[in-house]
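Report on the structure
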There are 2 protein chains.
Amino acid sequence: MSKRVGIREVAAAAGVSVTTVSHSLSGGGQLSDATRERVRSVAEGLNYTPNRLASGLRSKRSQIIGFISDEISTTPYAGRVLLGAQEAAAANDQVLMIVNTSRDDRLESRGIDALLQHSVDGIIYARMYHQAVKLPEALTGVPIVLLDAYSDRADLSSVVPDEEGAARTAVQHLVAAGHRRIGYLNNIDDIPATHGRLAGYKAVLAENGIAFDETLVTTTESTTGPGRDAAGQLLALVDRPTALFCFNDRMAMGAYQAAQLAGLSIPENLSIVSVDNFELLADALLPGLTSIALPHYEMGRWAVERLAAELAGDADSAPQQIRMPCPLVHRQSVGPPPR
Amino acid sequence: MSKRVGIREVAAAAGVSVTTVSHSLSGGGQLSDATRERVRSVAEGLNYTPNRLASGLRSKRSQIIGFISDEISTTPYAGRVLLGAQEAAAANDQVLMIVNTSRDDRLESRGIDALLQHSVDGIIYARMYHQAVKLPEALTGVPIVLLDAYSDRADLSSVVPDEEGAARTAVQHLVAAGHRRIGYLNNIDDIPATHGRLAGYKAVLAENGIAFDETLVTTTESTTGPGRDAAGQLLALVDRPTALFCFNDRMAMGAYQAAQLAGLSIPENLSIVSVDNFELLADALLPGLTSIALPHYEMGRWAVERLAAELAGDADSAPQQIRMPCPLVHRQSVGPPPR
DNA sequence: GTGAAAGCGCTAACAA
DNA sequence: TTGTTAGCGCTTTCAC
């Protein structure tokens, strides 16, 4: 730390004015390439780094992106979102300032105040799973991009996973393996993932001439225990499914346990595909769990890049609300149906 | 956003000078309580919020804490650390600016530059698992607290988990349940957790008059597959262990699988305790996995609080290097030994 | 007790 | 093509 070198030292050392230094470094003004180059090398020689507080104060651009999320922790996915956002920010010479709200309006309000006081240039408003949000009043007029969230404000860009597409990919994979009797362990929460994935499941069945059988669809909490029970129920059917599509990896883990209890081996007697591609689980299960990956990292990157584009003003005029595709990650839990 | 109200508007509205407003709000100066109170209410009425860029520029205190970590993502624990750090920062009216290095020196160096340019008041230098670090030159002179890391610099405060204590608690729990033949699935990496937990394991055996038997200790990569193999090996012993202490939950999951393959049920035929308390796994396993929790959230909090104390100058003069205790979380994987 | 005024380090008009 | 200068919004001497 000690005494950082400032723009005037650079100016003096280069024998020019501070203006020239500022222009040289920021690429502004009308300078000869020679001067620009010389100033730059002097600055570098002096180990000059700008004071962003000062430049932000003057120019009204702090180069700070605020990141508000309801839960930084709890889910292991959160980290990937942050990582993507952080890397994109770094690439734009921006930095991330984070705030966690724990789904508490007061904390959220304080957090927004803190970000605004620090003059963030814009805010990524993130949720840890795909859901509808209502933006707080305090954010009015601030550049915002929604992440894993959507609102009724058509003027905001947002990014969410393509839930229906995810389910389509998963179920299509099972159909391609020869399955026609496919169960679905759905979540019970009233959220886009629940409805979107069910829609995808039904669509693929229809497209393949497979009649929808509601006895093959269960609706429970999306954790391991309920998944185990739900799968057990389906596997006890006289005409049991030969494959299971699971809402998430945790439910799939329950399905593995149910299969074991029923004496069925995977994938010989039962094929399983789920959503999340949470590696700690998917890789650890025996055999490995084939799963649809949610594009957390990509959504983080996209949100920051989009925000940067909007801030730069060179963005396509219209805000974008996009759904990200969710790729299938092959492991060993899918095989042909038993004969 | 629009036109934020500044300190001069408040001054005008309250009929005082900007100095008085500044003093009133920051608690400085020699003002009458009456004035202070009046100014405060006027400021609140006007919805005044200070511009931290300006105050930071002038006062040399940005109220920003930098958070550098090698991996924001990958591990699910990272989130808890960040959460603790964030909450502690918010409580101190500070905010977190995060940077990820991906264990890349160039990225780290850029990240440090970015934080310094934004005039962070101090930095939490974090690793995602307990390890030795060498601090980059660029950080010289900057207030630092190490998190899940330690260095040879005695002038820095740091916090790490008490690895030996964690193992002691785990193994003692097994001994208390009546076990005397206890296997240990250790990690192969040359890190403090590996050595510390082995030491704790040995210490408890010794204290209970149980001879150390090296055939009961395996050393492999700390993931599920290797854990499965290692456990399988121990369970195949003629005088097999009645309990297993596992380096982490992932290895414990492997041990569950090995037990199943060996036809042993948990906890009737085999008791298991591990370290991490990664709920997604520990809760999902059948039966629930008893595990030692690593104090991620607490370390995050402690690091920020300690840094704040050092910055405030009211800290105990000497830096503190502490080991945090790791509590046992009871589930259903421990029982008495089979007779 | 309170206020005037000088900057913090930089950028952006405007001059030259 | 380059330099002068006036602030950005606040804190902090220092004078009253």
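Residues numbered from 1 in each chain as written. Chains lettered and ligands numbered in written order. Predicted model: local features only at pLDDT ≥ 70, side-chain atom pairs only at ≥ 80, totals over all residues. Heavy atoms only, no water.

Quick look at the overall build of chain A
The helix and strand inventory of chain A stands at twelve helices and twelve strands. The C-alpha radius of gyration of chain A comes to 26 Å, more than 25% above the 20 Å expected for a compact globule of 339 residues. Taking the principal axes of the C-alpha coordinates as reference, chain A spans close to 90 × 40 × 40 Å. Within the span of chain A, comprising 339 residues, buried residues form 55% of the whole. Look at the contacts in chain A between residues 6 or more apart in sequence, and 70% of them connect residues 24 or more apart. Split by element, the accessible area of chain A, about 14,400 Å² in all, is 50% carbon and sulfur. When the 30 basic and 38 acidic side-chain charges of chain A are each reduced to a single mean position, those positions are 5 Å apart. (Helix = DSSP H or I, 4+ residues; strand = E, 2+ residues; numbered from the N terminus. Rg over C-alpha atoms; globule rule 2.2 N^0.38 Å. Buried < 20%, exposed > 50% of the residue type's maximum accessible area, 1.4 Å probe, protein only. Contact = heavy atoms within 4.5 Å. Areas by Shrake-Rupley, 256 points an atom, 1.4 Å probe, with all protein chains shown as cover. Lys, Arg positive; Asp, Glu negative; His and termini not counted. Charge placed at Lys NZ, Arg CZ, Asp CG, Glu CD.)

Focus: the relation of the copies chain A and chain B
Least-squares fitting of chain A to chain B yields an RMSD of 0.1 Å, with the transformation described by 0.0 Å of translation along the axis and a rotation of 180 degrees. The superposition of one copy onto the other is thereby described by a two-fold rotation axis. An overlap of 100% is found between the interface residues of chain A and their copies at the interface of chain B, pointing to a shared contact surface. (Least-squares fit on C-alpha atoms with pLDDT ≥ 70 in both.)

Concerning the nonpolar core
Counting residues in each nonpolar core, the largest one holds 102 residues, and the members touching the most others are Ile-272 of chain A together with Ile-272 of chain B. Those residues in contact with Ile-272 of chain A that sit more than four places away from it in its chain are Leu-244, Cys-246, Ala-252, Ala-255, Tyr-256, Ile-266, Leu-289, Thr-290, Ser-333 and Val-334 of chain A. Core analysis: the next-biggest nonpolar cluster, separate from the first, contains 46 residues, Ala-126 of chain A together with Ala-89, Ala-126 and Val-304 of chain B among them. (Core = buried A, V, L, I, M, F, W, Y, C linked by side-chain atoms within 4.5 Å.)

A look at the interface of chain A and chain B
Facing the 50 residues of chain A at the interface are 50 residues of chain B. Roughly 4,600 Å² is buried in total at the junction of chain A and chain B, and carbon and sulfur atoms are behind 66% of that figure. Counting the contacts that link chain A with chain B gives eight residue pairs in polar contact (both at pLDDT 80 or more). Going through the elements one at a time, helix 4 (52-59), helix 5 (78-91), strand 2 (95-100), helix 6 (105-117), helix 9 (224-235), helix 10 (249-261) and helix 11 (279-282) of chain A are the ones with two or more residues in the side of chain A that touches chain B. (Buried area = accessible area lost by both parts, 1.4 Å probe. Polar contact = N/O pair within 3.5 Å; in protein donor to acceptor, adjacent residues only side chain to side chain.)

Some thoughts on the protein's contact with DNA strand C
Lining the immediate surroundings of DNA strand C are 23 residues, of which Ile-7 and Arg-58 of chain A together with Thr-19, Thr-20 and Arg-58 of chain B lie closest. Restricting attention to atoms of DNA strand C within 4 Å of the protein, one finds that 62% of them are sugar or phosphate atoms. Between DNA strand C and Thr-20 of chain B there is a distance of 2.5 Å, counted from a phosphate oxygen to a side-chain nitrogen or oxygen. Between Thr-35 of chain B and DNA strand C, the recorded distance is 2.8 Å, taken from a side-chain N or O atom to a phosphate oxygen. The set of elements that each furnish at least two residues to the surface near DNA strand C consists of helix 2 (18-26) and helix 4 of chain A together with helix 2 (18-26) and helix 4 (52-59) of chain B. Of all the elements, helix 4 of chain A adds the most residues to the surface near DNA strand C, at four residues. For the surface near DNA strand C, the residue count by class is seven nonpolar, twelve polar and four charged. (Near = heavy atom within 4 Å. Nonpolar A, V, L, I, M, F, W, Y, C, P; charged D, E, K, R; others polar.)

With respect to the protein's contact with DNA strand D
In the vicinity of DNA strand D lie 23 residues, with Thr-19, Thr-20 and Arg-58 of chain A together with Ile-7 and Arg-58 of chain B positioned nearest. For DNA strand D, the fraction of atoms within 4 Å of the protein that belong to sugar or phosphate moieties is 61%. A distance of 3.3 Å separates a base nitrogen of DNA strand D from a polar atom in the side chain of Arg-58 of chain A. It is helix 4 of chain B that contributes the most residues to the surface near DNA strand D, four residues altogether.

Quick notes on the packing of aromatic side chains
One pass over the structure, following the stated rule, counts seven aromatic pairs over all chains. Between Tyr-184 of chain A and Phe-245 of chain A, the aromatic rings sit 4.8 Å apart at their centres with planes inclined by 20 degrees, giving stacked as the arrangement. Residue Tyr-184 of chain A is found in strand 6 (residues 182-187), and its partner Phe-245 of chain A is found in strand 8 (residues 243-246); the two are separated by 61 residues along the sequence. The burial state of Tyr-184 of chain A is the same as that of Phe-245 of chain A; both residues are buried. Geometrically, the ring pair formed by Tyr-201 of chain B and Phe-212 of chain B is edge-to-face, given 6.3 Å between the ring centres and 80 degrees between the ring planes. Residue Tyr-201 of chain B is located in helix 8 (residues 192-207), and its partner Phe-212 of chain B is located in the loop between helix 8 and strand 7 (217-220); the two are separated by eleven residues in the primary sequence. In this structure Phe-212 of chain B comes out as partly exposed when scored by relative accessible area, which is 39%. Members of the aromatic cluster, joined through ring pairs, are Tyr-184, Tyr-201, Phe-212 and Phe-245 of chain A. The ring of Phe-212 of chain B has Lys-202 of chain B lying over it, and the distance from NZ or CZ to the ring centre is 4.8 Å. (Phe/Tyr/Trp six-rings, centres within 6.5 Å; stacked < 30°, edge-to-face > 60°. Lys NZ or Arg CZ within 6 Å of the ring centre and 35° of its normal.)

Nothing here speaks to function; it is geometry throughout.
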